[in-house]
Amino acid sequence: MRKLLAGLFVVLWSAAGPAAAQEQTPDQLVRTQTDRILELIRANRDEYKRDTRKLYAMVDKEVLPYFDFRAMSRSVLGRNWNNASEEQRERFVKEFRDLLVRTYATALLKYNNEEIRYLPFRHNPGDRTAVVRTEVVQSGGGPNIPINYSFFRSKDGWKVYDVAIENSSLVITYRGTYADRIRKQGLDGLIASLAEANRRGEVGETAPAPGAGKK
């Protein structure tokens, strides 16, 4: 699954802030914040490459207000969430969030001005969930890559709780991977391995950036 690609286009919600997010529909959020985040990358790419801490800090600041990492973590762990203590849940949310933030940040530096195409948005007033569908037009002429963002309306505004790339859900993919690891090493073992990956600066399962390997 193209998680690096997911990371790149997940981080398109940025500096408007939670108050502004409540005033916009999900598709408007994606559209209006894309320019902001890509502007930051274009202006600071060399600096971010020299000091990834600044890149991670930017992603942490610009992305986190628009994601519900607890909801994502609950879905990823599935029934293991129900069996976990609150302390285990909090530890997992922190380590999972940090892993994704670094994965997304790494993907940003691979962005190569590919076109983002927005598909028709279907939404009724009063709906509590929504899906924003987009496509990445590959510069090498390969097939368009569909990326869909799943939102839900929380008390703090619209939040992302899943991303699907080429019809593969990030949450479902991690759920399968982590369920297998929990069976082998337990939940505490999984959390410890995520913490170690974060300490080492590793990223999640990777994949090529848009257009990578195309001639």
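Quick caveat: nothing in here was measured; it's all calculated off a predicted structure.

Procedures and definitions
Residues numbered from 1 in each chain as written. Predicted model: local features only at pLDDT ≥ 70, side-chain atom pairs only at ≥ 80, totals over all residues. Heavy atoms only, no water. Pairing = 2+ DSSP bridges. Helix = DSSP H or I, 4+ residues; strand = E, 2+ residues; numbered from the N terminus. Salt bridge = Lys/Arg side-chain N within 4 Å of Asp/Glu carboxyl O. Buried < 20%, exposed > 50% of the residue type's maximum accessible area, 1.4 Å probe, protein only. Contact = heavy atoms within 4.5 Å.

Re the sheet that holds strand E3 (residues 145–154)
Read from one edge to the other, the open sheet built from five strands follows the order E1-E2-E3-E4-E5, with strand pairing classed as antiparallel. With one partner strand each, in any of the chains shown, strand E1 (115–118) and strand E5 (168–169) form the two edges of the open sheet. The pairing of E1 with strand E2 (residues 129–137) spans four bridges and is classified as antiparallel. Of the residues in E2, the one forming a bridge with Ile-116 is Val-136.

Brief notes about the pattern of salt bridges
Scanning the entire structure with this criterion turns up 15 salt bridges. Residue Arg-70 pairs with Glu-86 through a salt bridge whose shortest N-O separation is 3.2 Å. Taken as a pair, Arg-70 in helix H5 (residues 69–77) and Glu-86 in helix H7 (residues 86–108) lie far apart in primary sequence, 16 residues in all. Classification of Glu-86 as partly exposed rests on a relative accessible area of 34%. Note that Asp-180 is salt-bridged to Arg-183, the shortest N-O span being 3.5 Å.

A look at the side chain of Ser-150
Mapping Ser-150 onto the fold places it in strand E3. Take Ser-150: its relative accessible area is 15%, and that puts it in the buried class. If sequence neighbours within four positions are ignored, Ser-150 has contacts with Ala-130, Val-131, Lys-159, Val-160, Tyr-161 and Asp-162.

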